[in-house]
Amino acid sequence: MPKLNENYLKLKQNYLFADIRHRIDSYCESHPEEGKRLIRLGIGDVTLPLPEAVIKGLHEGVDAQANAATFRGYGPEQGYDETRHAIAAYYKKHGIDVDFEAVFVSDGAKSDTGNITDIFGNGNVILCPDPVYPVYVDTNTMCGRDVVYMNGTVDNGFLPMPDKSIHADLIYICSPNNPTGACYTREQLKEWVDYALENEAVILFDSAYEAFISDPELPRSIYEIEGARRCAIEFCSLSKTAGFTGTRLGYTIVPTELVFKASDGTEMSLNAMWARRQSTKFNGVSYIVQKGAEVVFSDAGIAACKENLDYYKRNAKVIADTMRECGVTFFGGINSPYIWFECPCGMESWEFFDHMLNTIQVVGTPGAGFGENGKNFFRLTSFGSYEKTVEAMERFRDMLARMK
């Protein structure tokens with residue numbers, strides 16, 4: 001009989017969004033007519049099609065595969081040079097120097113934020129915010145590692161800061177944050193970078209929603225902060241930037257400056273370790289998808305993606321304006337596609353999920369799925385259609401009036 005990874009017993013039975021899907025399916029089965037009115041503002045999945053310029057790039061990749069002279073088989077695991085250079089150039093457009101050798105192309109930030117655990121050993125002190133994107137915690141739990149939580153609350157704007165009395169080795173930060181929509185300022189991130197350098201720690205910085213930042217005073221990358229190249233790995237994705245949730249492409253930046261000593265004193269490069277891990281366990285992103293991604297980082301691609309992003313930002317404003325009108329405490333909705341708000345009438349988040357589903361047929365995400373500090377909060381996304389978002393907020397407004 002094989003010995004199993006019993007750390008899986010420590011996980012919740014289902015991933016958060018699987019639980020939500022089961023509840024929705026059960027409701028629609030027992031309430032078929034009401035189910036037809038369902039508006040989904042829960043999962044962070046985009047709804048607009050890929051920009052025309054990106055589709056053209058994908059077609060170029062398909063056509064290349066139909067010609068023996070241009071056919072591509074196995075590609076480099078870290079990504080084609082053209083894609084990696086395009087990503088580095090994108091950073092340069094924002095005044096950030098990222099070395100070509102530091103760029104690794106993947107099938108998404110979710111994969112990489114989970115897989116990065118492979119290059120770190122057990123025994124590290126792992127610091128995570130609460131509430132937090134579940135993948136950070138679950139993947140460390142699968143490895144048998146314990147997590148120390150830093151509290152995100154209303155009092156700190158859901159932006160916890162370093163506690164110098166705690167030593168950490170790995171620090172998970174997401175900004176703009178999923179689920180709360182809160183964004184760290186440059187000054188706040190500088191505190192985190194200084195803390196990481198002092199502790200010889202590594203920041204695992206998830207910037208998947210950087211394209212939603214419109215305030216020029218807010219950093220879009222950890223590498224805008226002095227010293228970050230010596231202490232931070234950055235993850236990003238085209239899922240929200242360019243609508244690649246179904247196409248799948250992300251990238252991880254592992255600076256060559258990230259060098260630490262092994263227990264015997266041998267110097268080990270995290271860049272080299274990640275390259276070795278990817279070449280062993282990952283076969284690379286398809287050439288076709290990378291051709292589409294190259295277009296995303298061009299001037300035409302950036303302009304086309306901005307149109308889609310502006311559409312979702314308008315949806316976020318509709319939700320945020322409704323919260324203000326109704327006097328509901330909320331976060332996000334400006335530089336983020338997420339709106340995080342306090343459940344009314346002292347409800348806990350799963351209770352409020354069921355109440356919304358049953359009374360107005362609108363679906364969101366219970367904050368309890370993101371941690372203990374989210375149990376009285378709720379997340380809505382701006383990724384639906386504009387018309388459905390407006391309708392959902394009209395129903396929401398009427399529901400709150402009836403609850404008073």
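Basis of the calculations
Every chain begins its residue count from 1, and numbering advances along the sequence as written. Per-residue local features of the predicted model are confined to residues with pLDDT of at least 70, and side-chain atom pairs are confined, for both listing and counting, to 80 or more; whole-chain, interface and lining totals are unaffected and use all residues. Side-chain metrics in this entry use all non-hydrogen atoms of the structure; hydrogen atoms and water are not considered. Relative accessibility thresholds used throughout: buried, under 20% of the residue-type maximum; exposed, over 50%; partly exposed, between the two (1.4 Å probe, protein chains only). Every helix listed is a DSSP run of H or I at least four residues long, and every strand listed is a run of E at least two residues long, numbered separately from the N terminus. By the convention used here, strands pair only if DSSP detects at least 2 bridges between them. Residue contacts are counted whenever heavy atoms from the two residues lie within 4.5 Å of one another. Axis lines are fitted to C-alpha atoms, over the contacting stretch for helices. Their N-to-C directions set the angle, which ranges from 0 to 180 degrees. For a helix, the expected span equals 1.5 Å multiplied by the residue count minus one. Within this analysis, the arc is defined by the directions that extend from the helix axis to the C-beta atoms. Two rings from Phe, Tyr or Trp (for Trp, the six-membered ring) form a pair when their centres are within 6.5 Å of each other. A pair whose planes differ by under 30 degrees is stacked, one over 60 is edge-to-face, and the rest are tilted. Crossover handedness is defined here as right-handed if the route from the first strand over the helix to the second strand goes clockwise, with the strands pointing away from the viewer.

What should I look at first to understand the pairing of strand 12 (residues 338-342) in this one?
Within a regular strand, the side chains alternate between the two sheet faces. With four of its five residues buried, strand 12 lies for the most part within the structure. Where strand 11 (residues 330-332) folds back on strand 12, the antiparallel hairpin that results is connected by five residues, among which Gly-333 adopts a positive phi of roughly 85 degrees.

Which parts of the structure should I look at to understand the sheet that holds strand 11?
By way of backbone hydrogen bonds, the strands of a sheet pair with one another, either parallel or antiparallel. Taken together, four strands build an open sheet; the order of strands is 11-12-15-14 and the sheet is antiparallel. Among the strands making up the open sheet, the edge pair consists of strand 11 and strand 14 (365-366). Inspection of the sheet shows strand 12 paired to strand 15 (residues 377-381) by five bridges, in the antiparallel sense. Its bridge partner lying in strand 15, Ile-339 is registered against Leu-380. Sheet strands touched by helix 11 (residues 299-326): strand 11, strand 12 and strand 15. Its angle to strand 12, the strand with the most contacts, is close to 15 degrees. In the packing of helix 12 (residues 349-359) onto the sheet, contacts are made with strand 12, strand 14 and strand 15, and the angle to strand 15 comes to roughly 50 degrees.

Would you take a moment to explain helix 13 (residues 386-403) for this structure?
Since one α-helical turn is 3.6 residues long, residues separated by three or four positions face the same way. For helix 13, which comprises 18 residues, the first-to-last C-alpha distance of 26 Å matches the rise-based estimate of 26 Å (1.5 Å per residue) to within 8%. For helix 13, the full list of buried residues reads Thr-389, Ala-392, Met-393, Arg-395, Phe-396, Met-399, Leu-400 and Met-403. Each buried residue of helix 13 sits inside an arc of 165 degrees when the element is viewed along its axis, so together they form one side. Opposite its buried face, helix 13 presents the exposed residues Glu-387, Ala-401 and Arg-402, each directed more than 90 degrees away.

So what exactly am I meant to see when it comes to the packing of aromatic side chains here?
Note on aromatic pairs: each is described by the distance of the centres and the angle between the planes. If you walk through the whole model with that rule in mind, you get 23 aromatic pairs. Their ring planes at 80 degrees and their centres at 5.9 Å tell us that Phe-212 and Phe-383 sit as a pair that is edge-to-face. On the criterion of sequence distance, the pair formed by Phe-212 in the loop between strand 6 (202-206) and strand 7 (232-237) and Phe-383 in the loop between strand 15 and helix 13 is long-range, its members being 171 residues apart. Pair check on accessibility: Phe-212 and Phe-383 agree, each one buried.

I would appreciate a short explanation of the environment of Pro-176 in the present structure.
As for its position among the elements, Pro-176 is in the loop between strand 5 (170-174) and helix 7 (186-199). The exposure class of Pro-176 is buried, given its relative accessible area of 0%. Along the sequence, Pro-176 and Pro-219 sit 43 residues apart, while their C-alpha atoms lie 9.5 Å from each other.

Would you explain the pairing of strand 3 (residues 126-130) in this entry?
Taking burial as the measure, the five residues of strand 3 include five buried ones, the bulk of the element. Of the two faces of strand 3, both are covered, the one formed by Ile-126, Cys-128 and Asp-130 as well as the one formed by Leu-127 and Pro-129. Of the pairings in the sheet, the one linking strand 3 to strand 4 (residues 147-151) comprises five bridges and is parallel in character. Paired with Ile-126 across the bridge in strand 4 is Val-147. In this view, the connection linking strand 3 to its parallel neighbour strand 4 by way of helix 6 (residues 134-142) has right-handed handedness. Bridging between strand 3 and strand 5 involves two bridges; their strand directions are parallel. Considered in strand 5, the bridge of Leu-127 is made with Ile-171.

Just checking my understanding: could you explain unusual backbone geometry for this structure?
Note on backbone geometry: most residues besides glycine have negative phi, and most peptide bonds are trans. Put simply, Asp-130 and Pro-131 share a cis peptide bond, and its omega is 10 degrees. By the secondary structure assignment, Pro-131 is in the loop between strand 3 and helix 6. For the peptide bond that leads from Ser-175 to Pro-176, omega is -5 degrees, which places it in the cis range. The residue Glu-200 is not glycine, and still its phi comes out positive at about 50 degrees. Position of Glu-200 relative to the elements: it lies in the loop between helix 7 and strand 6. Although it is not a glycine, Cys-345 adopts a positive phi angle of roughly 60 degrees. Tracing the backbone through its elements, the reader meets Cys-345 in the loop between strand 12 and helix 12. According to the relative accessible area criterion, Cys-345 is exposed, its value standing at 60%.

No statement about biological role is implied by the geometric values presented.
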